[in-house]
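# Reading the structure
In case you want the letters, here they are:
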Amino acid sequence: MSGYHLTLQLTNNFNELVPNGTDYFNQHYSDNQVWLFFLNTSGKITYTDTKSGDVKTVADSKSIALSDIKGHKLTLDKGEESTKLFVGLGNTCPFSNANGPGLFDQATPYGVIEWTIKGNSYDNVDVSYIDQFSFPTSLIVKDSQNKVKLSSSFIQGTKAQQLIDAFKLKISGEPVGPAGAEYPTKGNVGYGPAVDTISDNSQAVRWVGSSKYWVSGPDKEKLRSLYIYAPSFSNYLSFLQDKEPQNTIKIYNKESTIKGWYLDYSGNNGYSGYLSITGDANKGFGLEVHNIRVNTCPSAANNWAMDPASGTATTGKITILANGSTIPFDASSNVKGDWTDAVIYSGAAVQGEIGAGPVVIGTDDFKLDPKNSANNGTYVDIVATFLATISAAMATGLLGSQLFLDKYNDASDKKSTMYWFNTMTRADSLSKLFDKAWPNKTYYDPYWATLSAFTDNQGYLSPFNDRWSFFSPDLNLANNDVIEWQLGIPLTNYQYKVENQWGGDKAPWHDGGQWVMGCRKDQLMTMLKVSSSDNGQTLEGTVTYVGEGPIAFKAERLEQNIYKTFTQWGGDNAPWHPAGTWFMGCRDDQNVVAINIQSDSEGTTLSGSMTYDNEGEIGFKATRVKVEL
């Protein structure tokens, strides 16, 4: 073993013996029901066997029960690259494939982290939900002094069921693509995004990520179909086509007009180009990137301003095959699909190779010749990274939003994608992107949006959320660091079981869900009086903690029943302080618009009234779910 190594500590919060533990769809899993499966270990991972006391080396494509690892600790030595650890739940090992879980494997709830440890400044670890979501986890990096450096987690108390319910509100539970004899059937390969994980529990599913796609077998006419697992971008593309700007630029004192959405990026020594939407709603929309310039050498010194004249001009363009197109699949069959949607969600070629077609085609400087690299265009490497820019801009709903247009059209300080990628904070992403950019329209990736609300936009939630500098999912590592990966998110001291009553004092009480209210470790909330003037998008009023007077309170809705909260004390001009993410409400289609509750038991119980949108006041009582933290 080298002198450069790290420790990986695993915690099973699904174990019913954990005082503040959680469960997976009302089921607990002991340590001998938690399974580890590794890839790309390079013989650099060791652990002490619980029974024999021997130090053992982890092998690729082999499973280990968590109970077999003494102290649930593993040692990671220098020399690992793109090492993956899958952790699954089950009475028996759920992993049967040499390369890890299959996308549509049933009875396989799992999570995955990936790391590279080469002994340099690029060492990092991340937790990924790109392919699928089964259950929430928390990834924490601590230094040798046990001080937390970085983390990527979910809201305390989050359960898998809450995410699955949220996905179901925004995303179809069935494949999106051509109907026909080859349409995937439930329980078989290709059916998603809801994939069964517990055989006797119909509610227990994991959710396939929006970046995934699948091609069916051929029907009688030798036609295959491409299926995706997220809504079509067709309406969004139609909007972008209708609003496509006319850009006047001056290069070497020569003025010209270019139609399209100007996009830029600071990586790869800088590049820019114009995105146009081709086709129409009837034939299907496609994409074309043209007037591309490279080596633009952007800088933060001018606050990432648009500079269409900078860099070197190129020849050629990048095109993405239109939705609804049919292309050859092999010598005997063709395949039809929504190619533009699949490329935007995934950033991948989908079929063929990026630049070579038939889906993503580069010409001249951007051409790829798979058979002879000598024939490749000079800037063929730009094609993949330009797709990443498009994906990151559209999956978040940035492109074409009012937020984007305000800067794009500012004659004195014009900005485009590069500016937002380099300056937007994680907190701003939650209040300005996704549904906040497009109220009542799904002009974004609802899978990423839903995960972001529960995670504060932490972790790999989409293939290219690392394009955004301030919510990059990579957690940097150094010698002697400790990586903690907690499976399942424990309950908190702020969790309450809520009941509601309507129909009079003698009417029965009904389940009102699990709420999370409060943010102070040693003080419970004793009063909350808030109301909304915008149908529950925001709440304002006061909150009181044990031993204190009322302080100002405001909450901003992130997702259904999830709010980012802030408190203020010291007067109207005093600063607002973050007060955590709260769960308030339990209804899928009605927001909370008023709460008036207080406690006579120092916060262990709360009672009063509340109101849902378009309803009258109803009774409220809550009992704190006490846990030992």
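As a reminder, the structure under discussion sits directly above these lines.
Cut-offs applied
Residues numbered from 1 in each chain as written. Predicted model: local features only at pLDDT ≥ 70, side-chain atom pairs only at ≥ 80, totals over all residues. Heavy atoms only, no water. Pairing = 2+ DSSP bridges. Helix = DSSP H or I, 4+ residues; strand = E, 2+ residues; numbered from the N terminus. Axes fitted to C-alpha atoms, helices over the stretch in contact; angles between N-to-C directions. Salt bridge = Lys/Arg side-chain N within 4 Å of Asp/Glu carboxyl O. Buried < 20%, exposed > 50% of the residue type's maximum accessible area, 1.4 Å probe, protein only. 1 Å grid on protein atoms, 1.4 Å probe; cavity = no way out; pocket = protein on both sides within 12 Å on 5 of 7 lines; lining within 4 Å. Points joined across faces, edges and corners; volume = space filled by probe spheres on them. Nonpolar A, V, L, I, M, F, W, Y, C, P; charged D, E, K, R; others polar. Core = buried A, V, L, I, M, F, W, Y, C linked by side-chain atoms within 4.5 Å. Contact = heavy atoms within 4.5 Å. Phe/Tyr/Trp six-rings, centres within 6.5 Å; stacked < 30°, edge-to-face > 60°. Lys NZ or Arg CZ within 6 Å of the ring centre and 35° of its normal. Arc of directions from axis to C-beta.

## Some words on the sheet that holds strand E6 (residues 73–77)
Spatial strand order, E4-E3-E6-E1-E30-E11-E12: 7 strands in an open sheet with mixed pairing. Every other strand in the sheet has two partners, leaving strand E4 (55–57) and strand E12 (148–152) as the edge strands with one partner each. Between one strand axis and the next, the sheet turns through 25° on average, direction left out of account. Relative to E12, strand E11 (residues 137–142) runs antiparallel, the two sharing 4 bridges. Paired with Lys142 across the bridge in E12 is Val148.

## With respect to the pattern of salt bridges
Going through the model one piece at a time under the given rule, you end up with 18 salt bridges. Of the charged contacts in the structure, one is a salt bridge between Lys142 and Glu484, with a shortest N-O distance of 3.0 Å. Of this pair, Lys142 sits in strand E11 while Glu484 sits in strand E30 (residues 482–487); the two residues are 342 residues apart in sequence, bridging distant segments of the chain. Take Lys142: its relative accessible area is 14%, and that puts it in the buried class.

## A few points about the layout of surface pockets
What the largest pocket holds in volume is close to 1,200 Å³. Lining of the largest pocket is provided by 46 residues; of these, Gln162, Leu169, Gln560, Asn561 and Asp588 occupy positions nearest its centre. At the level of elements, helix H1 (160–170), strand E31 (495–501), strand E32 (509–516) and strand E35 (551–559) are the ones that each hand at least two residues to the lining of the largest pocket. Top contributing element to the lining of the largest pocket by residue count: H1, with 7 residues. Of the residues that constitute the lining of the largest pocket, the class distribution is 14 nonpolar, 18 polar and 14 charged.

## Section: the sheet that holds strand E9 (residues 124–127)
Strand pairing in a sheet takes place through backbone hydrogen bonds and is either antiparallel or parallel in direction. Spatially, E5-E2-E7-E8-E9-E29 is the arrangement adopted by the 6 strands of the open sheet, whose pairing is antiparallel. In the strand order of this sheet, the two ends are held by strand E5 (63–65) and strand E29 (475–476), each with one partner. Relative to strand E8 (residues 110–117), strand E7 (residues 80–89) runs antiparallel, the two sharing 7 bridges. Within the sheet, the bridge partner assigned to Leu85 lies in E8 and is Ile113.

## Section: the nonpolar core
Counting residues in hydrophobic clusters, the biggest one holds 131 residues, and the most contacted among them are Leu36, Leu74, Leu85, Trp115, Phe133, Leu399 and Trp468. By residue number, the principal contributor to this core is helix H4 (residues 381–395), which donates 10 residues. Leave out the neighbours within four places in its chain, and Leu74 touches Leu6, Thr7, Leu8, Leu10, Leu36, Phe38, Ile45, Thr46, Tyr47, Val58 and Ile69. One finds Met525, Ile551, Met584 and Ile618 within the second-largest nonpolar core, a separate group that totals 26 residues.

## Details of empty space enclosed by the protein
With the rule as written, the count across this model stands at 2 cavities of 30 Å³ or more. Here the largest cavity is characterised by a volume of approximately 70 Å³. Forming the walls of the largest cavity are Phe104, Gln106, Lys186, Gly187, Asn188, Val189, Tyr191, Ala194, Val195 and Asp196. For the lining of the largest cavity, the class distribution of residues is 5 nonpolar, 3 polar and 2 charged. In this structure, the second largest cavity occupies an estimated 60 Å³ of space. What lines the second largest cavity is Leu430, Leu433, Phe434, Asp435, Lys436, Ala449, Ser452, Ala453, Leu558 and Glu559.

## Notes on the packing of aromatic side chains
Applying the stated criterion to the full structure yields 40 aromatic pairs. Ring geometry for Phe37 versus Phe95: centroids 5.4 Å apart, planes at 45°, classification tilted. Here Phe37 is found in strand E2 (residues 34–39), whereas its partner Phe95 is found in the loop between E7 and E8, with 58 residues between them in sequence. Note on Phe37: relative accessible area 2%, which makes it buried. Overall, the relative accessible area of 7% leaves Phe95 in the buried class. With a centroid separation of 5.9 Å and 45° between ring planes, the pair formed by Phe239 and Tyr443 is classed as tilted. Taken together, the residues Phe239 in helix H2 (residues 234–242) and Tyr443 in the loop between helix H7 (426–432) and helix H8 (446–455) connect sequence positions 204 residues apart. When its relative accessible area of 11% is taken as the criterion, Tyr443 is described as buried. Grouping aromatic residues by their ring pairs yields a cluster made of Tyr129, Phe133, Phe154, Phe167, Trp207 and Tyr447. Its guanidinium or amino end placed over the ring of Tyr408, Lys414 lies 5.4 Å from that ring's centre, counting from NZ or CZ.

## A closer look at H1
If you check which residues of H1 are buried, you get Ala160, Leu163, Ile164, Ala166 and Phe167. Within H1, the buried residues cover an arc of 160° as seen down the axis, which keeps them to one side. Contacts made by the buried residues of H1 are with strand E10 (132–133), strand E14 (205–208) and H8.

## Some thoughts on the environment of Ile595
Within the secondary structure, Ile595 is located in strand E38 (residues 592–598). Residue Ile595 is classed as buried on the basis of its relative accessible area of 2%. Distance in space between the C-alpha atoms of Ile595 and Asn269 is 53 Å, their sequence separation being 326 residues. Excluding residues that lie within four positions of it along the chain, Ile595 makes contacts with Trp515, Leu528, Lys529, Val530, Met584, Ser609 and Met610.

## A look at the environment of Met424
Within the secondary structure, Met424 is located in the loop between helix H6 (417–423) and H7. Accessibility expressed as a relative area gives 3% for Met424, which makes it buried. When the C-alpha positions of Met424 and Phe470 are compared, they lie 6.6 Å apart, and in sequence the two are 46 residues distant. Beyond its immediate sequence surroundings of up to four residues, Met424 is in contact with Leu403, Ser429, Lys432, Leu433, Trp468, Phe470 and Phe471.

## Re the pairing of strand E39 (residues 605–612)
In the sheet, E38 pairs with E39 via 6 bridges, with the strands oriented antiparallel. Directly across from Ile597, in E39, lies its bridge partner Gly608. Connecting E38 to the antiparallel partner E39 that follows it, the hairpin turn spans 6 residues, and Glu602 within it adopts a positive phi of roughly 55°. Pairing of E39 with strand E40 (residues 617–624) involves 7 bridges; the strand directions are antiparallel. What sits directly across from Ser609, in E40, is Gly619. Two successive antiparallel strands, E39 and E40, enclose a turn made up of 4 residues, where Asn614 displays a positive phi of approximately 65°.

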